[in-house]
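# An overview of the molecular structure
Letter by letter, the chains look like this.
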Amino acid sequence: MADRNKRLDSNVAGNFFVDATCINCDTCRQLAPLSFEEVGDYSAISRQPDSDSRIHQAYQALLACPVGSIGTEHSDKSRLQTAMASFPLQIENGVSYCGFNSEKSFGANGFFIEHQDGNWLIDSPRYIKHLVEVFERRGGIAHIFLTHKDDVADADKYAAHFGAKRIIHQADSDVAPTAERVIGGEEPVRVGAEFQIIPVPGHTAGSMALLYRERFLFTGDHLWWDPHSKSLEAPTRLIWRRWTLIESIRKLLDYRFEWVLAGHGDRVHLASTEMRAQLQALVERREKGRVLR
Ligand code: SF4
């Protein structure tokens, strides 16, 4: 619950505000980019939401904020309930963003895939009643794909409740020592006809991406969209091995996909040819940096 006594001066005047407990995770800026901006080391309300859709997005951000740093001077219960009911947010074809990001993963995004052979959770949101009930209504969770060690959050609770199999790479498995499936090495692993697990070490030794229907690539912290530069980006710090990271980015040129769904950073939908060009450009920028370094 945000504290109006800790309201940041960087907020514009009005109903919504961010307080000084913000951890600058970016979640609110992804959900309501027209209302939230990064100011110094925090997010802040740069423009009070002034339409139904923007107010709705601001309430979604309030609920998704991992540390409860977003508040209102006057709460609208009905709008809050509508925002709650909107999660998980449908992206496309049974793929949705869970919301309710967890502080345990520094506010990483979790995703949900409804699939006839068993549903998937990609990384973990907070374990909360609303999501548990939605997942129950949609057939439960069969697999929990953990992109890397930082974004495990409440995966153990979801696994215990739904009897789901957690999937993690061996190199990151110290954070989930009882995981039901451990992936080793760097070769891709197929799961059924529509899923492919692709080890992409670099950010961490055990980072992995999940390719679904050759359309959706869940990337954890390996790759994301930067809305300012309008380009695909990859970590420049907190890297296990820089050269390995570049090779792991290059590896993705062998795959076709149209969506990048990231743990941190924006998600993006591009034509597969444009996505490939973006990926190639990222590899070239990083290669250049490697030569110059
Ligand atoms: S979602 Fe919350 S913690 Fe994250 S940047 Fe926004 S206000 Fe800060």
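How each quantity is defined
The residue count restarts for each chain, going from 1 along the sequence in the order it is written. Local features in a predicted model are, by the rule used here, given only for residues with pLDDT of at least 70; side-chain atom pairs are given and counted only at 80 or more, and totals for whole chains, interfaces and linings are based on all residues. With hydrogens and water excluded, all non-hydrogen atoms of the structure serve as input to the side-chain values. Only DSSP runs of H or I with at least four residues qualify as helices, and only runs of E with at least two residues qualify as strands; both kinds are numbered from the N terminus onward. For a compact globule the rule gives 2.2 Å times the number of residues to the power 0.38, and the radius of gyration it is set against comes from C-alpha atoms. Each residue gets one of three labels from its accessible area relative to the maximum for its type: buried under 20%, exposed over 50%, partly exposed in between, using a 1.4 Å probe on protein chains only. Computed with a 1.4 Å probe, the accessible areas rest on the Shrake-Rupley method; for each residue, only the protein chains presented here act as cover. We treat Lys and Arg as the positive residues and Asp and Glu as the negative residues; His and chain ends play no part in the count. In plain terms, the charge of a residue is placed at NZ if it is Lys, CZ if Arg, CG if Asp and CD if Glu. When at least one non-hydrogen atom of a residue lies within 4 Å of a molecule or strand, that residue is treated as near it. When residues are grouped by polarity, Ala, Val, Leu, Ile, Met, Phe, Trp, Tyr, Cys and Pro land in nonpolar, Asp, Glu, Lys and Arg in charged, and all others, Gly among them, in polar. Where each domain starts and ends follows an automatic or database-derived domain assignment. Working rule for contacts: check all heavy atoms of both residues, and any pair within 4.5 Å makes them a contact. The term buried area denotes the loss of accessible surface (1.4 Å probe radius) that occurs when two parts are joined, taken as the sum for both partners. Nitrogen and oxygen atoms within 3.5 Å of one another constitute a polar contact, given that in protein one can donate a hydrogen and the other can accept it, and given that sequence-neighbouring residues count only through two side-chain atoms. For this document, the term salt bridge refers to a Lys or Arg side-chain nitrogen within 4 Å of an Asp or Glu carboxyl oxygen. Any two cysteine sulfur atoms within 2.5 Å of one another count as a disulfide. Expected span of a helix: the number of residues minus one, times 1.5 Å. Pairing between two strands requires that DSSP report at least two bridges joining them. Note on geometry: axes are lines fitted to C-alpha atoms, helical ones only across the stretch in contact, with angles between N-to-C directions running from 0 to 180 degrees. Whether two aromatic rings pair depends on their centres lying within 6.5 Å, for rings of Phe, Tyr and Trp, where Trp uses its six-membered ring; planes under 30 degrees apart make the pair stacked, over 60 edge-to-face, and the rest tilted.

### Thoughts on the overall build of the protein
Helices and strands together make up the secondary structure of the protein, namely seven helices and 19 strands. Here the C-alpha atoms of the protein give a radius of gyration of 19 Å, agreeing with the 19 Å that 2.2 N^0.38 yields for 293 residues. Looking at the protein as a whole, 56% of its 293 residues are labelled buried. Working note: accessible area of the protein is about 13100 Å², and carbon and sulfur atoms make up 50% of it. Treating the 35 positive side-chain charges of the protein as one cloud and the 39 negative ones as another, the clouds have centres 1 Å apart.

### Notes on the site of the ligand
Neighbouring residues of the ligand: 14 residues in total, closest C22, C25, C28, S43 and C65. Grouping the amino acids of the shell around the ligand by side-chain chemistry returns nine nonpolar, four polar and one charged.

### Concerning the domain arrangement of the protein
Splitting the protein by domain gives domain 1 (4-84) and domain 2 (87-292). Summarising the inter-unit geometry, the C-alpha centres of domain 1 and domain 2 are found 26 Å apart. Listed by partner, the interface residues are 15 residues for domain 1 and 17 residues for domain 2. The contact between domain 1 and domain 2 buries some 1200 Å² in all, and 56% of this surface belongs to carbon and sulfur atoms. Summed over the three residues of domain 1 that lose the most area to domain 2, namely Q30, P66 and M84, the buried surface amounts to 40% of that side. Applying the counting rule to domain 1 against domain 2 returns ten residue pairs in polar contact (both at pLDDT 80 or more). When contributions to the side of domain 1 that touches domain 2 are tallied by element, the ones reaching two or more residues are helix 1 (27-31), helix 2 (52-64) and helix 3 (77-85). Across the side of domain 1 that touches domain 2, the residue classes break down as ten nonpolar, four polar and one charged.

### Some words on the pattern of salt bridges
Going through the model one piece at a time under the given rule, you end up with 20 salt bridges. Among the ionic pairs, D50 bridges to R47, the shortest N-O distance being 3.4 Å. You can call D50 exposed: its relative accessible area is 51%. A salt bridge links D154 to K104; its shortest N-O distance comes to 2.3 Å. Of this pair, D154 sits in the loop between strand 9 (143-145) and helix 5 (155-162) while K104 sits in the loop between strand 6 (95-97) and strand 7 (111-113); the two residues are 50 residues apart in sequence, bridging distant segments of the chain. Given the relative accessible area of 54%, K104 is considered exposed.

### Some points on the state of the cysteines
Disulfides are covalent bonds that link the sulfur atoms of two cysteine residues. Throughout the structure, instances matching the rule amount to zero disulfides. Lacking any disulfide linkage, C98 is separated from the closest cysteine sulfur, that of C25, by 15 Å. Exposure remark for C98: the relative accessible area of 0% places this residue in the buried category.

### Quick look at helix 2
The end-to-end C-alpha distance of helix 2 is 18 Å, a good match for the 18 Å that 13 residues give at a rise of 1.5 Å each. What helix 2 keeps buried is the set I55, A58, Y59, Q60, A61, L62, L63 and A64.

### As for the sheet that holds strand 6
Here we have seven strands laid out as an open sheet, ordered 5-6-7-8-9-10-11, and mixed in their pairing. At either margin of the open sheet sits one strand with a lone partner, and together these are strand 5 (89-92) and strand 11 (181-183). Shown here is a sheet whose adjacent strand axes are inclined to one another by a mean of 25°, direction ignored. Bridging between strand 5 and strand 6 involves three bridges; their strand directions are antiparallel. Bridge pairing in strand 6 links E92 to V95.

### Some points on the packing of aromatic side chains
Inspection of every chain in the model, using the stated rule, returns 13 aromatic pairs. Seen in terms of ring centroids, F87 and Y97 are 6.2 Å apart; in terms of plane orientation they differ by 80°. Their pairing is edge-to-face. Taken together, the residues span a long stretch of sequence, with F87 in the loop between helix 3 and strand 5 and Y97 in strand 6 at a distance of ten residues. The same class applies to F87 as to Y97, namely buried. With centroids separated by 6.4 Å and ring planes inclined at 65°, the aromatic side chains of F135 and F162 adopt a geometry described as edge-to-face. Placement of F135 in helix 4 (residues 129-137) and of F162 in helix 5 is noted, with a sequence separation of 27 residues between them. For the pair shown, F135 and F162 are each scored as buried. Three or more aromatic residues joined by ring pairs form one cluster here, namely F87, Y97, F100, F111 and F218.

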